[in-house]
Amino acid sequence: MEETIIPKTSTVFATLFRADMATLISNRRSAIISLFVPLIVLFTWKGLIKHVGGPTVLATAIAIGLIAIGLMGYTLSVARDRDKGIFQRLRVAPVPTWVIMTSRICVQLVMIAVLTLVVFIVGYQYDGVLLAPLGYVITFFIAILGATVYLSLGQLIVGLIKGFETINAVTRITYIALMMVGMFSTFFENQQLKEVVRFSPYGCVKMMLAASMEPSKAWAHDANIAVLCSLGYIVVFAGIGIKNFQWSSK
Amino acid sequence: MAVEQDKYILKVEGLHVNYGNVVAVNNVGFDVLQGEIFGLLGPNGAGKTSTLSAIEGLIKFKEGTIIVNGQSVSEKPLHARASMGVQLQSTSFQPELNVVQILQLFSGIYGVPMSKDKIKDTLKDIGLEDASAKKFSQLSGGQQQRVSLVIATIHNPRLVLLDEPTTGLDPQARRQLWGRIEAIRERGHAVLLTTHSMEEAESVCDRIAIIDHGRVIAVDTPQALIDKHRDDPEVIAVSRRGKITLEDVFIGLTGSAVRA
Ligand SMILES: Nc1ncnc2c1ncn2[C@@H]1O[C@H](COP(=O)(O)OP(=O)(O)OP(=O)(O)O)[C@@H](O)[C@H]1O
Ligand SMILES: [Mg+2]
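Only a predicted model underlies this, so the values are computations on that prediction, with no experimental measurement involved.

Caption draft 1: Representation of the coordination of the magnesium ion (ligand 2) within the structure. For the magnesium ion (ligand 2), every protein donor is listed as Thr49 of chain B (OG1) and Gln89 of chain B (OE1), and the spread of their distances is 1.9 to 2.2 Å. You can see threonine 49 of chain B sitting in helix H2 (residues 48-56) and its partner glutamine 89 of chain B sitting in the loop between strand S6 (84-87) and helix H4 (99-109), a full 40 residues away along the chain.

Caption draft 2: A look at the side chain of serine 148 of chain B. When you line up the elements, serine 148 of chain B lands in helix H6 (residues 141-152). Its relative accessible area of 3% is what places serine 148 of chain B among the buried residues.

Caption draft 3: The pairing of strand S1 (residues 8-19) of chain B, seen in detail. Residue and element names in this part refer to chain B. Where S1 meets strand S2 (residues 22-33), nine bridges bridge the pair, whose relative direction is antiparallel. Paired with histidine 16 across the strands is asparagine 26, a residue of S2. Sheet topology places S1 next to strand S4 (residues 63-68); five bridges connect them, and they run antiparallel. Across the sheet, the residue bridging to valine 12 is isoleucine 66, located in S4.

Caption draft 4: View of the packing of helix H9 (residues 222-229) of chain B against helix H11 (residues 246-254) of chain B. Residues and elements named next belong to chain B. Direction vectors running N to C along H9 and H11 enclose 60°, while the axes themselves pass 9 Å from each other. The two elements H9 and H11 meet at a crossing, and its hand is left-handed. Taken together, the residues of H11 that come into contact with H9 (itself represented by Pro222, Leu225, Ile226 and His229) are Leu246, Val249 and Leu253. For the contact of H9 with H11, the residue count by class is six nonpolar, one polar and no charged.

Caption draft 5: Focus on the packing of helix H2 (residues 28-44) of chain A against helix H8 (residues 164-184) of chain A. All names here are of chain A. Direction vectors running N to C along H2 and H8 enclose 20°, while the axes themselves pass 12 Å from each other. By the criterion of interaxial angle, the relationship of H2 to H8 is roughly parallel. The way H2 lies across H8 gives a crossing that is right-handed. Counted together, Ile33, Val37 and Val41 of H2 and Tyr175, Met179 and Met183 of H8 form the full contact between these two elements. For the contact of H2 with H8, the residue count by class is six nonpolar, no polar and no charged.

Caption draft 6: Structural view of the site of ligand 1. In the vicinity of ligand 1, 14 residues are found, and the nearest of them are Gly45, Lys48, Thr49, Ser50 and His196 of chain B. Among the chains of the assembly, those with residues near ligand 1 are chains A and B. Within the side chain of glutamine 89 of chain B, an N or O atom sits 3.1 Å from an oxygen atom of ligand 1. The protein chains hide 69% of the 640 Å² of surface that ligand 1 would expose on its own. Ranked by residue count, the leading element in the shell around ligand 1 is H2 of chain B, at three residues. Residue classes in the shell around ligand 1 are distributed as four nonpolar, seven polar and three charged.

Caption draft 7: Fine view of the environment of glutamate 165 of chain A. All names here are of chain A. The topology assignment puts glutamate 165 in helix H8. On the basis of relative accessibility, which here comes to 57%, the residue glutamate 165 falls in the exposed class. Considered as a pair, glutamate 165 and glycine 53 are 112 residues apart in the sequence and their alpha carbons are 40 Å apart.

About the cut-offs
- Residues numbered from 1 in each chain as written.
- Chains lettered and ligands numbered in written order.
- Predicted model: local features only at pLDDT ≥ 70, side-chain atom pairs only at ≥ 80, totals over all residues.
- Heavy atoms only, no water.
- Donors = N, O, S within 2.8 Å, 3.2 Å for Na, K, Ca; no water.
- Helix = DSSP H or I, 4+ residues; strand = E, 2+ residues; numbered from the N terminus.
- Buried < 20%, exposed > 50% of the residue type's maximum accessible area, 1.4 Å probe, protein only.
- Pairing = 2+ DSSP bridges.
- Axes fitted to C-alpha atoms, helices over the stretch in contact; angles between N-to-C directions.
- Left-handed = near helix turned anticlockwise from the far one by under 90°.
- Contact = heavy atoms within 4.5 Å.
- Nonpolar A, V, L, I, M, F, W, Y, C, P; charged D, E, K, R; others polar.
- Parallel < 35°, antiparallel > 145°, perpendicular 65-115°, else oblique.
- Near = heavy atom within 4 Å.
- Polar contact = N/O pair within 3.5 Å; in protein donor to acceptor, adjacent residues only side chain to side chain.
- Areas by Shrake-Rupley, 256 points an atom, 1.4 Å probe, with all protein chains shown as cover.

Written out as structure tokens, the structure reads:
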């Protein structure tokens, strides 16, 4: 009898990742959306820098971009591929399911890297915001942590909702709502509302990012709380989202 | 491995599949032997796709055992899946990928990476050499069908599962597909297919199982089924022009009511 070939996990992952990257590249629209609003923030908020500080502006831009990556990039592509039966076709191959999802998430990591890089470069070139080298490094890692909050939120949505159209609507509304909060919460007057926003998934991510840009100066108690809250959001959202996830929308 | 086990490539025993309260498959059992084309026939909603999904590992089944190429589907899912090739009833590939990228993806995840030349030859073989740069979504239904059959056999699997492979094909394409299915048999491998075409079942299947309401109600060669049931009053009642066909036997056994 012939040997059955069980392909190596690393080969499978590399192959899937290549295909997922090709999909991302030919689907430029969602990638552009992820960069669009952050760039608007960088261009329009230049005058605010002297009031709120450069790090806050960059942090807002990245935080909003991360929402788009988690919700538009990840959630919508997973919902669509599930709806089209693409996951079922992959699952009948000798591929562990976690590899399929890990590849999807790694593609989003690439997007996160692109986003932070673009914000750093435009932030420096256009807004004249220069961070200490350590600030760039820490911000990059915090951006990944922040993105995980939104990827988990996206996982929660695809875990709890089956139909693509419903997910599409919910995702877009959530994105716009979070984006609005992101754009305008800096100007909120009401103290209670400000507190709610501060510890919302949006506020925590922004707080962590702003602090990480000036690690020696701004990283304080609040930033630690924000990290803890973010981890809490990730555990709860991803936990529920993964547990309830179904591979077929039928 | 014992000779006894070598004879069948797929063994399904006492299979039960439920969707909530809906019983889709109720105590189904059959074997598919080496070098055999086995047809699963049944009205809409009979449980054909559900049976295949259980074999493919797409759904957890409540009870029963499924052995593929000597490996239990529930205990060694990756091994079992590595020895089967699958064409789903409604399959789709990433619409952004072109045909070459799809072949690269699936040859890679089945552990049989294809060179550029190999891909070219494969596409030529299915008459799609000019379509290599096309996205999957830009192919016609029949062309998509051909790509998905190539992917089902890309790793030369011992067992090939095809869910309604010829639905929607023109007569030429259908004949060609039959040829490809028979070539799999020639290699000593096995094919399990579902179909609503009695002509297809008679022309290509060595044995068929008729399944209805989740139960197997008959298993035999198409001719033996006709011979065995030609005197059944239900079969004679639905026959036309005095000649008993496989379709008459099928309708005689499963009733003439259209399924919901
Ligand atoms: N995901 C699902 N959830 C609930 N019920 C389902 C699901 N999939 C199938 N069913 C039900 O299970 C039964 C068997 O369906 P199945 O798809 O196996 O039939 P089939 O024999 O393949 O039919 P067809 O010839 O129409 O393809 C049907 O009653 C169907 O409504
Ligand atoms: Mg079916």
